[in-house]
Amino acid sequence: TAASARTQFSGARASHRLWSSAPLCATDTIFALSSGQGKCGVAVVRVSGPASALALRGLTGPDRPPAPRTAALRSIFHPQSKEILDRGLVFWFPGPHSFTGEDSAEFHVHGGPAVVSGVLDALGSLPGLRPAEAGEFTRRAFHAGKLGLTEVEGLGDLIHAETEAQRRQALRQMAGDLAQLYRDWSQRLTQCLAHVEAFIDFGEDDLIEDGVLDQVDNSVAQLQTEITCHLHDGRKGERLRSGVQVVIAGETNAGKSSLLNLLCRRPAAIVSPIAGTTRDVVETCLDIGGFPVLLSDTAGLRETADAVEQEGVRRAREKVEQADLTLVVVDATQLPTDPLQVPVFLGAHLLAVLPHGVGLEESLRHCILVLNKSDLLPVEQVEKTQTFLNKNPGLPPASLLSCHTSHGLENFMTSLQSRLSSLCGDPLAGTPSLTQARHRAHLHECFQALGQYQQYRDVDLALAAEGVRLALTGLGRITGKVGAEEILDIIFRDFCIGK
Amino acid sequence: MLARRVLNRPRSLASPSSWAASARTVTACDVIVVGGGHAGTEAAAAATRVGAETLLVTQKIQTIGALSCNPSLGGVGKGQLVREVDALDGLMGRAGDWAGVHFSILNRSKGPAVWGPRAQLDRPRYRQFIQAELLSMPRLTVVEGSVEELLVSEPDPEKPGKHRVTGVRMADTGRIILARSVVLTTGTFLSGSLFMGQTTSPGGRMGDPPSGSGLSRSLKEVLGLRLGRLRTGTPPRIFKRSVDLSLAQLQLPDQRPTPFSFISNGTHCKPEEQLPCYLINTTPGVERVVRESLHLNSHIQQDTRGPRYCPSIESRVLRFPGRQHQVRLLREIPALRKAEIQAPGYGVQYDFVCPTQLFPSLEVRSAQGLFLAGQINGTTGYEEAAAQGVWAGVSAGRRALSLPPLSLSRTQSYIGVLIDDLVGRGITEPYRMFTSRAEFRTSLRPDNADLRLTLKGYCDIGCVSPRRYEEAVRMKAGLSEALSALQDITLSPTRWREKLPQAAVSANKSGIMSAEEVLQYKDVSFEMLASAFPDVLGPYVEFAERLKIEAMYRPHCEKQRREIERILQEESLSLPQDVDYLSLPVSLSQEVRELLDRVRPATLGAASRLPGMTPAAILHLLNYITRTPQRDRSAERSSTPDPQNLSDESRDSFPCVPVSQ
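Throughout what follows, the structure given in this document is the object of discussion. Everything quoted here is computed from the prediction, not taken from an experiment.

Let us now look at the overall build of chain B. Scanning chain B from terminus to terminus reveals 23 helices and 23 strands. Put simply, chain B shows about 26300 Å² of open surface, and 52% of that area lies on carbon and sulfur atoms.

If you want it as structure tokens, here you go:
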């Protein structure tokens, strides 16, 4: 089916990113922000691998190495600019007595985004260090035999969650200008590689003109310039949105905009009894129980002939797919009176709203049901339904409330906050600074590899092609992988090849 | 279980048909190879080299080793395959050196990793060489005949597979021949149809009787294999005397022909006696004729998949109108205005077995003892066929001798890339080798195929003769001595400039440089260094070209080594082939279970490359492999295991042990 095909596709991409870039016999040194995102006093940056000692010396100076497994207060500075980044606690865990079994270090710094990204940047500037892929620390621990059998089961779930978080994050980024840029580069590089490969594999007998390589030369030089510029003003690039992405979705006129207004305590969205009032996504930043939330109200999902509304529905679906948490709003007056019919009814609703691509089970875990307009129901039905919902484990958490009277709001807020806290405590919910550091490392790799093309262009085309291939691999770590078959497709599309 | 036995028959092969027609109705051998094309000949020879009593069944002994399409061997990517087949002691490289009349290295200017050794061949001479080799090979019998069906019995319960192939039944006599392994290399003969213009007739090659309809049925209906259909074509042959060569573009061979084989002392054809080639381009008139006669061409009108990289003139005109194309014949072409056709061109459509149904040993997953190689697996090209043939022959022979199966990694050889692509991804068009398919091509070079394969071929695989092995050992020792000698010569850049005034050793390199580093310079050759240091380097001049290449690539190959190690490590984690994924007591989603059950990846590496596989599932599988003792795993295969066979035999549940690095 189409749905399972989609699942397979996203699964494959995620699996490739995670698995193939994380060597089993890793000797790279990796680093990452290990503590959660959001407002926090202390952030923990973890380093693991043979260059951990170098990292520690590089950021805290050569004197006074901390005693193993003991906290030491140090000034932390950038190894090149010598600029002081923060003053914090550092730890030194020589292998094998560490979480990963390798030499490790930890930097406990103040939790502001500037400090954290400063430290990550500083680590990335050291030779032999690279940002960790999701789950890499845990996997190294696994390979070092540091995890017991029971922990492995948990690790499986964790990696699953990581994959999901990565996928959502990638979708979010891939919707923006930055993604457009990377995709464009990636396409141009793929084209370059295909043309070099065509020249190598078919240049001798076929009508592939030498001019093809001149085009590649130009493209490579142009790409190098663009990547350098981007690396130098990368920080001014796209503003990556921080915070948990919460999306309100549901059928038309279920009261989605009313819920947004209730949560904002101000009319951010226009509310009317006419179905289809909200046609575009309305976004607002909120602080809910101390957690940063980017709340979006979306157009009601329904079949419509109105072109504007159709676009709204499309955007709504896109938004739901990118969300960390979806609030599915249902008009409670349409609930069947027989409580036994309620799960089927709500199930059908969820199916209509949630994306099918990622596996329904997964979507359900990132969703809260809001049964609005409880004020229009008879009191005894409200009670009966709420009791029934509370003890029905097959459904996501569900709250019966009235946006009109605020009745049931407290109950809903408790359930919302508990979801937010588990999302924010999750270090994987997507930290822009971490993502940025990863991107920078891969872009730098890409830039250097293009140098190899130029170095070998006239000496050895196989080694020159290798450079373009490496560049594409670097970029592929950001945008998704490019395989040999894609290259061949371009070759056959662009050239007339044959004996 | 079939007992091993030795054929009691005269070794003389002068009258093989008398053997075939002998009164006995049931005979037996270790390996039967069906088909005498490039895959079949290499398979039969390889099985024999491994030590198996082998029987090669072919329609006509006189067409063994025929070059049915172009008389050309090697090229970019394909040349690497020829070198690797040779490194495993196959026939093709030596046959090419014997029969070649025009040798050239393609891509000479593009770097030694992508050099494409190629030769134009003399057809009869190539056939003669292959036939002479096969007909004099010990342990090998060649018989003429057609195989009507495969004999299938209950599988060995200790091994994966639903059936077991135990031999073949011959078409003409109905005679039954039993064997522990059967290799099918039927090329385009599996339900083949020939197309010429609007006429269609059954057959796999012009001039040969059709065959294989019974085999097609055996594969499809008895074994339940998925088949697909492909098309290919071959050009018309014209008489040289009828071509106006003055209107053609002359292509000369290399002045010093480079032999394919690591053990050939040179080519049979003398350098100065090589023949030139002629290149002729199409004209706009050709395009017009093709378009006007398209309705008369039923081969191209059908939508069977043909190769994109070797398209027919018709497909090309349709896809890239307005361009000039190279073709061999059409009267619209000035040089061919008076061309006389010796044999017309024709198209072929044929069945292939979707190769994802094979193990990396080229054994059919569901049919124990049945191996497939060549076009039957959806490939095209002599070299691709020969490469699979060698490996299927090795695997079939090893199975017959109860040796564990082996696989070649894609990090070690183009043969490994070819087989991994086929069994791991399957095909949608006839598969041809390109250098761009090999992600480690700077390590998998034509010059070092002997170091990569010959040593293993002797020590681990058992398909290489002592003579070749000794030569490879000598070469390896010579190269590594020479490389250390190069590394030991160290001078400052200034001194280097004095020593080698003709080379632009750059001044910006600070410190000391070794002779190996200097050899990386484009304009420095080993001979130059050897004349500067005759005492130290003089003894190694015979390795000059290989040393230059080694020095150029070594830094890059070092960088690749880690990635290669990672892949090898994943590939060394074999997944049991007969495990019941649907009930495995491991936390896996239903989708992943079904995927694993359907594809049955041979290794963890292959599993992680599957579309739809999740990282969490890989982790659980990894945990399963590394934590579950083998004994328990084999117990999960069947509810009533035979305790006697569990201990040693359980290793057989791994379809392939990678050949060690």
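Residue and element names in this part refer to chain A. Counting buried residues in strand E2 (residues 42-48) gives five out of seven residues, a clear majority hidden from the surface. Direction of pairing for strand E1 (residues 29-33) relative to E2: antiparallel, over a ladder of four bridges. Each bridged residue has a counterpart across the sheet, and for Phe31 the counterpart in E2 is Val47.

With that settled, the discussion passes to the side chain of B:Lys78. Residues and elements named next belong to chain B. In this fold, Lys78 is placed in helix H3 (residues 78-87). The class of Lys78 is buried, set by a relative accessible area of 7%. Only 3.2 Å separates the side chain of Lys78 from the side chain of Glu383, close enough to count as a polar contact. Within polar-contact distance, the side chain of Lys78 engages the side chain of Glu384 at 3.1 Å. Lys78 has contacts with Thr380, Gly381, Glu383, Glu384 and Arg432, leaving out every residue within four places of it along the chain.

A few words now on the packing of aromatic side chains. All names here are of chain B. All chains considered together, the criterion is met by seven aromatic pairs over all chains. With a centroid separation of 6.3 Å and 40° between ring planes, the pair formed by Trp98 and Phe129 is classed as tilted. Within this pair, whereas Trp98 is found in helix H4 (residues 92-99), its partner Phe129 is found in helix H5 (residues 123-135), the two being separated by 31 residues in sequence. Residue classification places Trp98 among the partly exposed residues on the basis of a relative accessible area of 35%. Take Phe129: its relative accessible area is 14%, and that puts it in the buried class. Positioned above the aromatic ring of Phe262, the side-chain terminus of Arg83 is 3.8 Å from the ring centre. The ring of Phe533 has Lys499 sitting right over it, with the charged end atom 4.7 Å from the ring centre.

Bringing the pattern of salt bridges into the picture now. Residues and elements named next belong to chain A. Per the stated rule, a full pass over the model turns up 37 salt bridges over all chains. Asp28 is paired through a salt bridge with Arg130; the nearest N and O atoms lie 2.6 Å apart. A residue pair is termed long-range when its members are at least 10 positions apart, and Asp28 in the loop between helix H1 (2-20) and E1 and Arg130 in strand E6 (residues 129-131) qualify at 102 residues. On the basis of relative accessible area, Arg130 is assigned to the buried category, the value being 15%.

All right, on to the sheet that holds strand E17 (residues 346-353) of chain B then. Residues and elements named next belong to chain B. Reading across from one edge, E11-E10-E17-E12 is the order of the four strands in this open sheet, with antiparallel pairing throughout. Of all strands in the sheet, those with a lone pairing partner are strand E11 (199-202) and strand E12 (227-234), marking the two edges. When strand polarity is set aside, the average angle formed by the axes of neighbouring strands in this sheet is 25°.

All names here are of chain B. With 13 residues, H5 should cover 18 Å at 1.5 Å per step; its first-to-last C-alpha distance of 18 Å lies within 8% of that length. Among the residues making up H5, those that are buried are Tyr126, Phe129, Ile130, Gln131 and Leu134. Residues of H5 that are buried in the fold lie against helix H2 (38-50), strand E2 (54-58), strand E3 (72-74), H4, strand E5 (116-121) and strand E6 (140-144). Of the residues flanking the start of H5, the one acting as N-cap is Asp122, its side-chain oxygen 3.1 Å from the backbone nitrogen of Arg125.

By size, the foremost hydrophobic cluster in this structure holds 103 residues, and its most contacted members are B:Ile32, B:Leu150, B:Leu184, B:Leu219 and B:Leu370. Per-element tally for this core: the top contributor is helix H10 (residues 382-400) of chain B, with ten residues. When residues no more than four places from it in sequence are discounted, the contact partners of B:Leu219 are B:Leu150, B:Leu184, B:Leu190, B:Gly224, B:Leu225, B:Val353, B:Leu370 and B:Ile376. Within the second largest apolar cluster, 38 residues are counted, among which are A:Phe199, A:Val216, A:Leu450 and A:Leu461.

Our focus in this paragraph is H2(B). For H2(B), with 13 residues, the first-to-last C-alpha span of 18 Å sits near the 18 Å given by 1.5 Å per residue. When you tally the buried positions in H2(B), you get 13 out of 13 residues, the bulk of the element.

Attention shifts here to the sheet that holds E1(A). Residue and element names in this part refer to chain A. What the six strands build is an open sheet, ordered E3-E4-E5-E2-E1-E6; its pairing is mixed. Taken across any chain shown, the strands that pair with only one partner, and hence form the sheet edges, are strand E3 (72-77) and E6. This sheet shows a mean twist of 30° between the axes of neighbouring strands, independent of strand direction. Judged from the six bridges that link them, E3 and strand E4 (residues 84-93) form a sheet pairing that is antiparallel.

Mapping A:Ala194 onto the fold places it in helix H6 (residues 177-202). Taking the C-alpha atoms as reference points, A:Ala194 and A:Val216, 22 residues apart in sequence, are found 9.8 Å from one another.

Residues and elements named next belong to chain B. Here strand E4 (residues 100-106) lies mainly inside the structure; seven of its seven residues are buried. As judged from the six bridges shared by E4 and E5, these two strands associate in the antiparallel manner. When the bridges of E5 are listed, Leu106 appears paired with Gly116.

On to a nonpolar patch on the surface, then. Residues and elements named next belong to chain B. Where nonpolar side chains cluster on the molecular surface, the patch consists of Leu250, Leu252 and Tyr278 and spans about 310 Å² of accessible area. Within the secondary structure, Leu252 is located in the loop between strand E14 (249-251) and strand E15 (277-279). With relative accessibility at 60%, the residue Leu252 sits in the exposed group.

Residue and element names in this part refer to chain B. Running from N to C, H3 and helix H12 (residues 449-461) cross one another at 30°; their axes reach a closest spacing of 8 Å. Judged by the angle between their axes, H3 and H12 are roughly parallel. In the packing of H3 onto H12, the handedness of the crossing is right-handed. Across the interface between the two elements, Arg83, Glu84 and Ala87 from H3 touch Ala449, Asp450, Arg452, Leu453 and Thr454 from H12.

What follows concerns the packing of H4(B) against H5(B). Residues and elements named next belong to chain B. Interhelical geometry of H4 versus H5 gives an angle of 135° and a closest axis separation of 8 Å. Considered as vectors, H4 and H5 are oriented oblique to each other. For the element pair H4 and H5, the recorded crossing hand is right-handed. Every residue of H5 that contacts H4 at Met92, Arg94, Ala95, Gly96, Trp98 and Ala99 is listed here: Arg125, Tyr126, Phe129, Ile130 and Glu133.

Scoring rules and cut-offs
- Residues numbered from 1 in each chain as written.
- Chains lettered and ligands numbered in written order.
- Predicted model: local features only at pLDDT ≥ 70, side-chain atom pairs only at ≥ 80, totals over all residues.
- Heavy atoms only, no water.
- Helix = DSSP H or I, 4+ residues; strand = E, 2+ residues; numbered from the N terminus.
- Areas by Shrake-Rupley, 256 points an atom, 1.4 Å probe, with all protein chains shown as cover.
- Buried < 20%, exposed > 50% of the residue type's maximum accessible area, 1.4 Å probe, protein only.
- Pairing = 2+ DSSP bridges.
- Polar contact = N/O pair within 3.5 Å; in protein donor to acceptor, adjacent residues only side chain to side chain.
- Contact = heavy atoms within 4.5 Å.
- Phe/Tyr/Trp six-rings, centres within 6.5 Å; stacked < 30°, edge-to-face > 60°.
- Lys NZ or Arg CZ within 6 Å of the ring centre and 35° of its normal.
- Salt bridge = Lys/Arg side-chain N within 4 Å of Asp/Glu carboxyl O.
- Axes fitted to C-alpha atoms, helices over the stretch in contact; angles between N-to-C directions.
- Expected span 1.5 Å × (residues − 1).
- Core = buried A, V, L, I, M, F, W, Y, C linked by side-chain atoms within 4.5 Å.
- Patch = residues over 30% accessible without salt bridge, like charges linked within 9 Å, V, L, I, M, F, W, Y side chains within 5 Å.
- Parallel < 35°, antiparallel > 145°, perpendicular 65-115°, else oblique.
- Left-handed = near helix turned anticlockwise from the far one by under 90°.

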